[in-house]
Amino acid sequence: MRASRRENGKWLKTKALYYSTSSQEYRLMAERRRSLRIRGSRKYDNILLDEPILNNEYFTFNALPVDCKLKVFSYLDHIEKGCILSVCKEWNHLLLHPSVWDQLSIWNFPVTCLPSQIVHERVENCYSCYKKRVHLFCKFILCTKPRPKRFEFKFNIGECSSGYLKLVESLMINLNYRECKVCSLNWKETPCRPYWVPPDDDKENDIMYRHRLRARYFGNMFDLFTKKATAIRTLVMPFDWCSRSVKCLTRLKNIHSLVLEKYFVFQCLDQKMLTEVLAGLPALRRFMLEVWTPSGPTLSLYSVSSNSVTYFDISQSRGFYLKRIDMPRLEKFRILRHPWNGPLVTSDKINIPCLYRILVSGAPNLCAINDHYLEPEWREFCYPRLDEVLRSVCSCKQHKTGWAM
């Protein structure tokens, strides 16, 4: 038995955990372990992992308690778990335990041929194999019924022929998300879809049609999800900023970190919707916002108010300019000056408030702008280093040079 285990590599040799332990202490611990085994209790049959182990002793992975095995398996990704399902019956049985699949990512599969289809006549068939992998994996998850603590997908839910929307909704309906803390919901694109794969429907070539269709699907899906996953602490997703989506988002009262990415270029952002989101999330601490709003003679300036946010990042936004900030707990602020979107506009036609004055009046506890940590007297006067930072991020007439915005 010991020789066969050596050949198969199923066991490990463990060295002493504490190299300073004396030989006398080794003997005492060995006698103690022998006495524990004599008691006949199965609790002491396995090696005590919190004590040094003798150099001439070995233990197999199968000798670990079940809880330890499940913990080790939980650190593997879903592809590695799929590979070890066929190692032995015991591992196969353990991998059916729901706790192994509490980190649920249902999109990251290879875009390659299935083992049963080594050669394809067309490259597009590889993407068909990817979709088949996704469907089979979701079917397996529905049978296992885990309680996800982390949930992530990256699918274009407007791609009707692939059935991604039905898959995601079936997972949301049949699984328990009460313990889910981290979610990443990329519902606008499928990164694994090759760019050369043609659209399944001629209507997919219509850009506006695709965006409207996806937005309708997202509204229904997000409404369902926010009713079940009420304990989310971190949420990352594209956002369409419609009234229904804002109402669903404000159900998540426990959100600590929120990342709202742009859904569509030149997306309109209503000040009322932004105010409602910040007012409806009392536990929010970190807020990262990406919107590309139209700019020009009718440029809208935004007010941002929150009593809880300590980190605010708008460095990825374009056409998003502030006129007022009311964040008494804000400590770090990130901002970049991107080229404007929309019609070409000269800087003398638009008056944008100075960022320095906005922060002095609305962020009394601010400690850093981007990577620059502010000096204690920054609110009394704008010192030279701070002025350099403002010249790189502020779009007011004082700090912005050049005729074009």
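Residues numbered from 1 in each chain as written. Predicted model: local features only at pLDDT ≥ 70, side-chain atom pairs only at ≥ 80, totals over all residues. Heavy atoms only, no water.

Focus on the overall build of the protein
Step number 1: The number of helices and strands found in the protein is twelve helices and 14 strands.
Step number 2: Counting the 405 residues in the protein, one finds 47% classified as buried.
Step number 3: Taking contacts inside the protein between residues at least 6 apart in sequence as the whole, the part at least 24 apart equals 67%.
Step number 4: Accessible surface, the protein as shown: approximately 22200 Å² in total, 53% of it carbon and sulfur. (Helix = DSSP H or I, 4+ residues; strand = E, 2+ residues; numbered from the N terminus. Buried < 20%, exposed > 50% of the residue type's maximum accessible area, 1.4 Å probe, protein only. Contact = heavy atoms within 4.5 Å. Areas by Shrake-Rupley, 256 points an atom, 1.4 Å probe, with all protein chains shown as cover.)

Observations regarding unusual backbone geometry
Step number 1: Even without glycine at this site, Trp241 takes up a positive phi of about 60 degrees.
Step number 2: Looking at where Trp241 falls in the secondary structure, it is placed in the loop between strand S6 (234-239) and helix H9 (243-249).
Step number 3: The class for Trp241 is buried, based on a relative accessible area of 6%.
Step number 4: Phi is positive for Asn370, close to 55 degrees, though the residue is something other than glycine.

Quick word on the sheet that holds strand S7 (residues 257-262)
Step number 1: If you walk across this open sheet you meet the ten strands as S3-S4-S5-S6-S7-S8-S10-S12-S13-S14, and the pairing is mixed. Edge positions in the sheet fall to strand S3 (103-105) and strand S14 (372-373), since each of these pairs with one other strand and no more.
Step number 2: Inspection of the sheet shows strand S4 (residues 150-154) paired to strand S5 (residues 182-186) by five bridges, in the parallel sense. Within S5, the residue paired with Lys154 across the bridge is Asn186. (Pairing = 2+ DSSP bridges.)

Regarding the packing of helix H7 (residues 164-174) against helix H8 (residues 207-228)
Step number 1: For the pair H7 and H8, interaxial distance at closest approach is 9 Å and the crossing angle is 15 degrees. The angle between H7 and H8 places the two elements in the roughly parallel class. Like other packed secondary-structure pairs, H7 and H8 cross with a definite hand, here left-handed. For the pair H7 and H8, contact is made by Leu165, Val168, Glu169, Met172, Ile173 and Asn174 and by Tyr217, Met221, Leu224, Phe225 and Lys228, respectively.
Step number 2: Of the residues that constitute the contact of H7 with H8, the class distribution is eight nonpolar, one polar and two charged. (Axes fitted to C-alpha atoms, helices over the stretch in contact; angles between N-to-C directions. Parallel < 35°, antiparallel > 145°, perpendicular 65-115°, else oblique. Left-handed = near helix turned anticlockwise from the far one by under 90°. Nonpolar A, V, L, I, M, F, W, Y, C, P; charged D, E, K, R; others polar.)

Details of the side chain of Thr250
Step number 1: Relative to the elements of secondary structure, Thr250 occurs in the loop between H9 and S7.
Step number 2: When its relative accessible area of 12% is taken as the criterion, Thr250 is described as buried.
Step number 3: With residues near it in sequence (within four places) discarded, Thr250 still touches Glu276, Val277, Gly280 and Leu281.

A short note on the side chain of Lys69
Step number 1: Inspection of the secondary structure puts Lys69 in helix H3 (residues 66-74).
Step number 2: In this view, Lys69 contacts Phe61, Asn62, Leu64, Glu90 and Leu94; residues no more than four positions away in its chain are not counted.

With respect to the state of the cysteines
Step number 1: Counting across every chain of the model gives zero disulfides.
Step number 2: No disulfide involves Cys183; its sulfur sits 3.4 Å from that of Cys180, the nearest cysteine.
Step number 3: When its relative accessible area of 1% is taken as the criterion, Cys183 is described as buried.
Step number 4: Left unpaired, Cys354 is separated from the closest cysteine sulfur, that of Cys396, by 3.9 Å. (Disulfide = S-S within 2.5 Å.)

A closer look at the nonpolar core
Step number 1: Phe151, Leu235, Trp241 and Leu249 are the most contacted members of the largest nonpolar core, which totals 95 residues.
Step number 2: Setting aside residues up to four positions removed in sequence, Leu249 forms contacts with Phe222, Leu235, Met237, Phe239, Ile255, Leu258, Leu260, Val277 and Leu281. (Core = buried A, V, L, I, M, F, W, Y, C linked by side-chain atoms within 4.5 Å.)

Description of the confidence of the model for the protein
Step number 1: Of all residues in the protein, 75% have pLDDT values of 70 or greater, and the mean over the chain is 79.
Step number 2: Mean pLDDT values over the elements of the protein span from 32, in strand S1 (residues 11-13), up to 97, in strand S10 (residues 311-313).
Step number 3: pLDDT under 50 marks residues 1-26. Its contacts with residues more than four places away, or in other chains, come to 37 contacts. (pLDDT = per-residue confidence, 0-100.)

Description of the pattern of salt bridges
Side chains that differ in charge, positive against negative, can pair when their charged atoms come close.
Step number 1: A complete count under the given rule lists nine salt bridges for this structure.
Step number 2: Arg193 is paired through a salt bridge with Glu159; the nearest N and O atoms lie 3.1 Å apart. With Arg193 in the loop between S5 and H8 and Glu159 in the loop between S4 and H7, this pair connects stretches of sequence that are 34 residues apart.
Step number 3: For Arg193, a relative accessible area of 19% gives the class buried.
Step number 4: Its relative accessible area of 2% is what places Glu159 among the buried residues.
Step number 5: One network of salt bridges, with partners in common, ties together Asp223, Lys227, Arg244 and Arg251. (Salt bridge = Lys/Arg side-chain N within 4 Å of Asp/Glu carboxyl O.)

Remarks on the environment of Tyr75
Step number 1: Note on placement: Tyr75 falls in the loop between H3 and helix H4 (78-84).
Step number 2: Taking relative accessible area as the criterion, Tyr75 reaches 64% and is therefore assigned exposed.
Step number 3: The spacing of Tyr75 and Trp101 is 26 residues in sequence and 9.6 Å in space, taken between C-alpha atoms.

Re the environment of Cys396
Step number 1: By the secondary structure assignment, Cys396 is in the segment after helix H12 (384-393).
Step number 2: As a C-alpha pair, Cys396 and Leu355 span 41 residues in sequence and 7.5 Å in three-dimensional space.
Step number 3: Setting aside residues no more than four positions away along its own chain, Cys396 makes contact with Ile352, Pro353 and Cys354.

Some points on the packing of aromatic side chains
Step number 1: For the structure on display, the rule yields 19 aromatic pairs.
Step number 2: Their ring planes at 20 degrees and their centres at 6.1 Å tell us that Phe153 and Phe155 sit as a pair that is stacked.
Step number 3: Overall, Phe153 belongs to the buried group, its relative accessible area being 0%.
Step number 4: Through a chain of ring-to-ring contacts, the aromatic side chains of Phe151, Phe153, Phe155, Tyr164, Tyr177 and Phe225 assemble into a single cluster.
Step number 5: The ring of Trp292 carries the charged tip of Lys262 above its face, separated from the ring centre by 4.6 Å.
Step number 6: Over the ring of Tyr311 we find Arg286, and its NZ or CZ is 4.1 Å from the ring centre. (Phe/Tyr/Trp six-rings, centres within 6.5 Å; stacked < 30°, edge-to-face > 60°. Lys NZ or Arg CZ within 6 Å of the ring centre and 35° of its normal.)

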